Amino acid sequence: MIYYLNIGSNIGDRRDNLYRAVVSLSAGRGGCTVSSLVESEPWGFESSNHFMNVGVRIVSDIPPLEMLDRIHIIERRMGSASHRDEKGGYIDRLVDIDIVAIDDMVIDLPMLQVPHPHLANRDFFLIPMVQLAPEWHHPVTGLTASQMLEILQRNTHLS
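Note that the structure is predicted; figures quoted are calculated from it, not measured.

*Asks:* Just give me the short version of a nonpolar patch on the surface, but keep the residues and values in it.
*Replies:* A cluster of nonpolar side chains, contributed by Leu-65, Leu-109 and Met-111, occupies part of the molecular surface with about 260 Å² of accessible area. Within the fold, Leu-65 resides in helix H2 (residues 64–77). Note on Leu-65: relative accessible area 40%, which makes it partly exposed.

*Asks:* Pulling in residues and values, what's your account of helix H1 (residues 14–26)?
*Replies:* The end-to-end C-alpha distance of H1, which contains 13 residues, comes to 18 Å, matching closely the 18 Å that a straight helix rising 1.5 Å per residue would cover. Taken residue by residue, H1 has Asn-17, Leu-18, Ala-21, Val-22, Leu-25 and Ser-26 as its buried positions. The buried residues of H1 all sit within an arc of 155° when viewed along its axis, so they share a single face. Tucked inside the fold, the buried residues of H1 contact strand S1 (2–9), strand S2 (33–34), strand S4 (51–59), H2 and strand S5 (96–102).

*Asks:* Give a detailed account of the nonpolar core, specifying residues and quantitative values.
*Replies:* Counting residues in each nonpolar core, the largest one holds 24 residues, and the members touching the most others are Leu-5, Ile-7, Leu-25, Ile-97 and Ile-99. Secondary structure elements with two or more residues in this core: S1, H1, S4, H2, S5 and strand S7 (112–114). Setting aside anything within four residues of it in sequence, one finds Ile-99 in contact with Tyr-3, Tyr-4, Leu-5, Pro-64, Met-67, Leu-68, Ile-71, Leu-112, Gln-113, Val-114 and His-116. Core analysis: the second largest hydrophobic core is formed by 16 residues, Val-38, Leu-119, Met-129 and Ala-133 among them.

*Asks:* Just give me the short version of the pairing of S4, but keep the residues and values in it.
*Replies:* The element S4 is largely enclosed, with a buried count of 7 among its 9 residues. Note: S1 against S4, 8 bridges, orientation antiparallel. For Tyr-3, the partnering residue across the bridge sits in S4 and is Ile-58.

*Asks:* Quick rundown of the layout of surface pockets? Include the residues and the values.
*Replies:* As a volume, the second largest pocket reaches approximately 210 Å³. What lines the second largest pocket is Ser-40, Glu-41, Pro-42, Trp-43, Asn-121, Arg-122, Asp-123, Phe-124, Leu-152, Gln-153, Thr-156 and His-157. Elements represented by at least two residues in the lining of the second largest pocket include exactly helix H3 (123–132) and helix H4 (145–158). Its residues assigned to classes, the lining of the second largest pocket shows 4 nonpolar, 5 polar and 3 charged.

*Asks:* I'd like to hear about unusual backbone geometry, residue by residue, with values.
*Replies:* The residue after Val-114, namely Pro-115, is reached through a cis peptide bond having omega -10°. One can find Pro-115 in the loop between S7 and H3. Positive phi is not limited to glycine here, since Asp-103 has a value of about 45°. Checked against the element boundaries, Asp-103 lands in the loop between S5 and strand S6 (107–109).

Each value, and the rule that gives it
- Residues numbered from 1 in each chain as written.
- Predicted model: local features only at pLDDT ≥ 70, side-chain atom pairs only at ≥ 80, totals over all residues.
- Heavy atoms only, no water.
- Patch = residues over 30% accessible without salt bridge, like charges linked within 9 Å, V, L, I, M, F, W, Y side chains within 5 Å.
- Areas by Shrake-Rupley, 256 points an atom, 1.4 Å probe, with all protein chains shown as cover.
- Salt bridge = Lys/Arg side-chain N within 4 Å of Asp/Glu carboxyl O.
- Helix = DSSP H or I, 4+ residues; strand = E, 2+ residues; numbered from the N terminus.
- Buried < 20%, exposed > 50% of the residue type's maximum accessible area, 1.4 Å probe, protein only.
- Expected span 1.5 Å × (residues − 1).
- Arc of directions from axis to C-beta.
- Contact = heavy atoms within 4.5 Å.
- Core = buried A, V, L, I, M, F, W, Y, C linked by side-chain atoms within 4.5 Å.
- Pairing = 2+ DSSP bridges.
- 1 Å grid on protein atoms, 1.4 Å probe; cavity = no way out; pocket = protein on both sides within 12 Å on 5 of 7 lines; lining within 4 Å.
- Points joined across faces, edges and corners; volume = space filled by probe spheres on them.
- Nonpolar A, V, L, I, M, F, W, Y, C, P; charged D, E, K, R; others polar.

Structure (structure tokens):
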């Protein structure tokens, strides 16, 4: 399976946080492909701390829920607390790793939705996806990451 992940950080040494997360994700897996850095404003909450994000492409035979568990372990080991406050709202975070897509799989479970339900609305997801997987098509909409990014940018400029 090909996993497309997104790693974000908006507190501490953001570059180092991303680097350590990539190293942890690729350990024992023969490496991974990493996109260029994307800086963005916080999405879904107010903060003066901008995010730094990278996309990561990993080939692995680990089942999706096991990969999710491994991601949560990496986040905890790096010292990242929950990325939500007591009311369920987003907050600043040391590291946040999301599974954006897995091949052409569709998963709809309470703990994991693939493709990520906000993929088409987040340029910091789409820009790395365009770099890592220009041939990838969303399994539900059929759109490529490039097409989704073009639509998002067009709609952003209209509002």
